[in-house]
Structure formats: structure tokens, C-alpha cells
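Coordinate inspection notes
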Amino acid sequence: MNDDMQYKKLLTTILAGAAVFWNGMAGAAQPIAVENLVQIISKDSATSRTVSWQDTARRSDYMVEYRRQGTGEIREAYMTGLKAPPVYDADWQAPNTYGAYMQQLTPETTYEYRIRNSDGTSGWMPFTTTPADLDKYKVLVFGDSQSTDYSVWGKTARTAWENNTDAAFFINMGDLTDNGQSYYQWKYWYENADVLTSHIPIAPVLGNHEAYSLSWTYAEPYTYKAFFPVPYGSPRNQSRLAYSFDYGNVHYVSLNTDYEELHTAYPTMMADEAVWLDRDLSAAQKAGKRLVILMHRPPWNSPYDGDLDMNGRYFLPLFDRYQVPLVFTGHEHCYARTVPVRDSKPDSHGTVYITTGRSGTEAWDGSVRRPFDSVYYNPMDMPMYIVLQVEPDDFRVTAYKNDGTIIDAVTVPAKSPQPAARKSKK
């Protein structure tokens, strides 16, 4: 195990020891435990950290305190406030979710935090910020985890973790559950994701199934938005639906591709998101960051017929303009890797698009191999996962079946952009 907030395991140990001390003090506050304590990817892993947890009571007195490990200078984290989605099913009511942002941290420094309410506090839990220029680490990437039996998703998560305990964080590429308003599905998703969330942060991507109602009509993804306090700085009117973050010298963008489900409520969503994406990629490139895009739907119609879908028409020109080296997609439940593509045609200077398969029970035999796919595999037999190894000059992607079989392995060149040369003054 790494020392990066070993949540539930560490919390249990700390609370057990703290209880011996506190119970011996007359009138002292009792230690508290919290449910579904999860790290959410933060805006910048070198200078910030985000945690989230849940509670069935509607408490309004939670706070998070943090400090450099072992020092007495305690600061209070910024709290998002109580988030609770509407009650869609009286028998399965979602708990309240709390989020805390710890900011203005120092790179390569060990901190500790604790959660407090009027009943007491948790124990101190440590975490370490990354170097600002970190250029070598590992990420786990999971395609759609939606399931009829979430123990299958749990097996995929456990297999990936046991083989990659050095992973820095994990990405879920959307359709985390089959129905966004069904809390019993979210409950089982959390229970089976625990092997990952007990150790590393999650970077979630909004999928179309997060925007379905219990009656399978389009609906605002309130439950998804409540559960995941992702970084601020989204496109207009799309808070928590799209966001970006830095991990070391790589800049990741998680896009909202739910035009079909949400455009009635947000008529200008695509134009707003494209303006935001243009600015976001430009700023990241100027800062010398390498780029990775995360989007649930691919930029082409699905099943593939040669045409760009709405997301492709707005986003693909920006991927081309900023020479994005790598885009991960979900939705189609197959694994596919394109040759480098620019303007939907093979181009050695283009973008590699990787469709990430499925990590849950739901296979789909309707996907189509595209003419520019270098590798295509439909995991009808078992789920799969992907390991992204970030290296100083490239991204190394390996796709595995749950039984350890390698589906594909590829190296995508990805050097940091060079600052523009200054013009000499005459």
C-alpha cells in the first residue's frame, strides 16, 4: 500500500486507538466514523486535495481541518455544503454528500486531515502532495461499469488494483451505474469500488446513463452531481458535469458529452463547452502541460457510420488544433484503438482515440470496427481494464482482460509542449 490516504483501513486503525484514549477522559467527545469516504481528483495534485463522504442524517455541522503532518497550525478546508439529490425511490433514498477542498498546499509535502462535527472528530489521516513537475506515474482506466450484478465491477476493480497497487488515481469513463436515479445501484457501485476508493482518488466522467430517470426518460443527473465534488471551473451552467485537472505535467479534461439527454435543458451547452474547452486547452498548453481528453461518447456516431456526432463537430476541431495526443472514450463497450487521426482521417501527427471497453456486466454486440482502428476487440467474454503509464516523453497504454490476457499495448508519443520562442528586440 502507498501512504496516500489509506482511507477506511487507516481510519479503522486510528479510531480504534483513539477510542481507548478518549473513552478514558470524562466528558470527552467520542470519535466519529463516516460512510463512503472517498478522494475526488483535485484541481492540481501538487497544491490541492479533495475528499468526500456521506451521511444519512442531514447534519450541517461538518468541517474538515488539515495541517502539515505533526505541526500545530490547523487550517479549515473549504466545504461544499450538504448535497442531497431528490428522493426518487422512497425505499432507496440517497444519503447526503459532503465535500471538502484543501487548497494552497505545498508540493511534495505530507499533510494530515480530520473530519469534525459537534459529536467529535475522526483521527488524523495523512496524504502527500505530488511534485509540481511529476512526469512518471500510473493511472487505472475503466470503461462503463454499469451492471446487473455489481460484484462483477468489483472483481474488475479488485483485479486491476491487486496488479497495480502503485497507481496514482483511477478514471471511470462514464455510465458508472445503469440508472442515474437508482440509489440502490449507486450503493452497490460504492461497495464494490471500495478496493480502489480506500486507496486512490477517482476522476469520474459523466455518462449518458447518469442522465436517465427511473422511468428511463432523460433527466438532470442530480445524483451524480451530488456524489462527486469535482474541481471547480466548468463550462457555463455545467458545474460538475465537465471539468479539468492537472496531475503532474499532464492536463486532463473530462467532457460532458450528454447533448442528447441534456440539450433541451441547456440549449447552448455545446457552444458553451467548446468555448471553455478552447480556453482550457490553450492555457494548459501555454503552461507546458501534456494533454489527455476523457469523454464518454466518442466523437463519431455510434454505431460508427462515418459521420461526426454533435460532440465530434464541436470538439474534434479543437483536438486537432491543440494536437491532443490521446483521447479516451467509453459508451460502446468495445476496446478499439485508432491510428493517429486528424480530421477523421489517418495522419501521423493526429490524435490516438482509445475506446475503453467495459468493466461491469454489460456487453454490447452492436459496436462497429472503424476503418482507422488499428486494434479492435469486443470483450463479450469478460470485463477488462486499462493501465495508462505516464512517462516523460510518452503515454504507454496496456489493455487487460480480467484473466490477465493482454488485449493491446501501445506507446503514444507525448512530449511536453515547448514554449514559443521570444522575438528579439531590435
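Scroll up for the structure.
First, a word on scope: everything that follows refers to the structure included in this document. This one's a predicted model, so the numbers in the text were calculated from it and none came from an experiment. (Residues numbered from 1 in each chain as written. Predicted model: local features only at pLDDT ≥ 70, side-chain atom pairs only at ≥ 80, totals over all residues. Heavy atoms only, no water.)

**Points about the sheet that holds strand β17 (residues 335–338)**
An order of β13-β14-β15-β16-β20-β17-β21 is seen for the seven strands of this open sheet, with the pairing classed as mixed. Of all strands in the sheet, those with a lone pairing partner are β13 (243–247) and β21 (373–377), marking the two edges. With direction set aside, neighbouring strand axes in the sheet form an average angle of 15°. Against the sheet, helix α7 (residues 310–321) touches β15 (290–295), β16 (326–329) and β20 (352–356), its axis set at about 170° to β15. (Pairing = 2+ DSSP bridges. Helix = DSSP H or I, 4+ residues; strand = E, 2+ residues; numbered from the N terminus. Axes fitted to C-alpha atoms, helices over the stretch in contact; angles between N-to-C directions. Contact = heavy atoms within 4.5 Å.)

**What to know about unusual backbone geometry**
At the junction of S302 and P303, the peptide bond is cis and its omega measures out at 0° in the coordinates. Look at W216: it is not a glycine, yet its phi comes out positive at around 65°. Inspection of the secondary structure assignment puts W216 in the loop between β12 (202–204) and α4 (222–227). With a phi close to 65°, N237 is a non-glycine residue in the positive phi region. For N237, the location among the structural elements is in the loop between α4 and β13.

**Quick notes on the nonpolar core**
Formed by 93 residues in total, the largest nonpolar core has its most connected members in Y137, F169, F228, Y252, F319, F328 and L388. At seven residues, the largest contribution of residues to this core is made by helix α6 (residues 269–286). In this structure, F319 is in contact with L255, L277, I293, M295, V324, V327, T351 and Y353, ignoring residues within four places of it in sequence. Formed by 18 residues, the second largest nonpolar core is a distinct cluster that contains L37, V51, Y98 and Y113. (Core = buried A, V, L, I, M, F, W, Y, C linked by side-chain atoms within 4.5 Å. Buried < 20%, exposed > 50% of the residue type's maximum accessible area, 1.4 Å probe, protein only.)

**As for the packing of helix α2 (residues 150–162) against helix α3 (residues 183–197)**
The contact between α2 and α3 brings their axes to 8 Å, and the two run at 15°. With respect to α3, the element α2 is oriented roughly parallel. As for how α2 packs across α3, the hand of that crossing is right-handed. Contacts between α2 and α3 involve Y150, S151, W153, G154, A157, R158 and W161 from the first element and Q185, Y188, W189, N192, A193, V195 and L196 from the second. (Parallel < 35°, antiparallel > 145°, perpendicular 65-115°, else oblique. Left-handed = near helix turned anticlockwise from the far one by under 90°.)

**A word on the pairing of β20**
For β20, the tally of buried residues reaches five of five residues, placing the bulk of the element in the interior. Here β20 shows a buried face lined by V352, I354 and T356 and a second buried face lined by Y353 and T355. Pairing of β17 with β20, which is carried by three bridges, proceeds in the antiparallel orientation. The residue of β20 that forms the bridge with A336 is T355.

**Some remarks on a nonpolar patch on the surface**
Among the surface-exposed residues, W92, Y184 and Y188 lie close enough to one another that they form a single nonpolar patch of about 270 Å² accessible area. Following the sequence through the fold, Y184 ends up in helix α3. (Patch = residues over 30% accessible without salt bridge, like charges linked within 9 Å, V, L, I, M, F, W, Y side chains within 5 Å. Areas by Shrake-Rupley, 256 points an atom, 1.4 Å probe, with all protein chains shown as cover. Salt bridge = Lys/Arg side-chain N within 4 Å of Asp/Glu carboxyl O.)

**Points about the packing of α6 against α7**
Contact geometry for α6 and α7: axes closest at 10 Å, N-to-C directions at 15°. Viewed along their axes, α6 and α7 adopt a mutual orientation that is roughly parallel. For α6 against α7, the interelement crossing comes out right-handed. Mapping the contact onto sequence places M270, A271, E273, A274, L277, D278 and L281 in α6 and M310, N311, Y314, F315, L318, F319 and R321 in α7.

**Overview of the side chain of R114**
As for its placement among the helices and strands, R114 is situated in strand β7 (residues 110–117). Of the polar contacts made by the side chain of R114, one reaches the side chain of E65; its length is 2.7 Å. Beyond its immediate sequence surroundings of up to four residues, R114 is in contact with M63, V64, E65, I74, T121, S122, G123 and W124. (Polar contact = N/O pair within 3.5 Å; in protein donor to acceptor, adjacent residues only side chain to side chain.)

**What to know about the packing of aromatic side chains**
Enumeration over the complete set of coordinates arrives at 36 aromatic pairs. A centroid spacing of 6.3 Å and a plane angle of 70° characterise the contact between Y183 and F227, whose relative ring orientation is edge-to-face. One end of the pair, Y183, is in helix α3; the other, F227, is in helix α4, with 44 residues separating them in the sequence. Of the two residues examined, Y183 and F227, each falls in the buried class. Ring centres 5.4 Å apart and planes at 20° place the aromatic pair Y385 and Y400 in the stacked group. (Phe/Tyr/Trp six-rings, centres within 6.5 Å; stacked < 30°, edge-to-face > 60°.)

**Looking at the pattern of salt bridges**
Pairing between side chains becomes possible if they bear opposite charge and their charged atoms approach one another. Evaluation of the coordinates by the stated rule reveals 19 salt bridges. Across the salt bridge formed by R67 and E112, the nearest N and O atoms sit 2.7 Å from each other. Of this pair, R67 sits in strand β3 (residues 63–68) while E112 sits in strand β7, placing them 45 residues apart in sequence. Given the relative accessible area of 16%, R67 is considered buried. What makes E112 buried here is its relative accessible area of 8%. Taken together, the shared-partner salt bridges connect D258, E260, E261 and R297 into one network.

**Some remarks on the side chain of K225**
Checked against the element boundaries, K225 lands in helix α4. If we ignore the near neighbours within four places in the chain, the residues touching K225 are E220, S239, R240, L241 and Y266.

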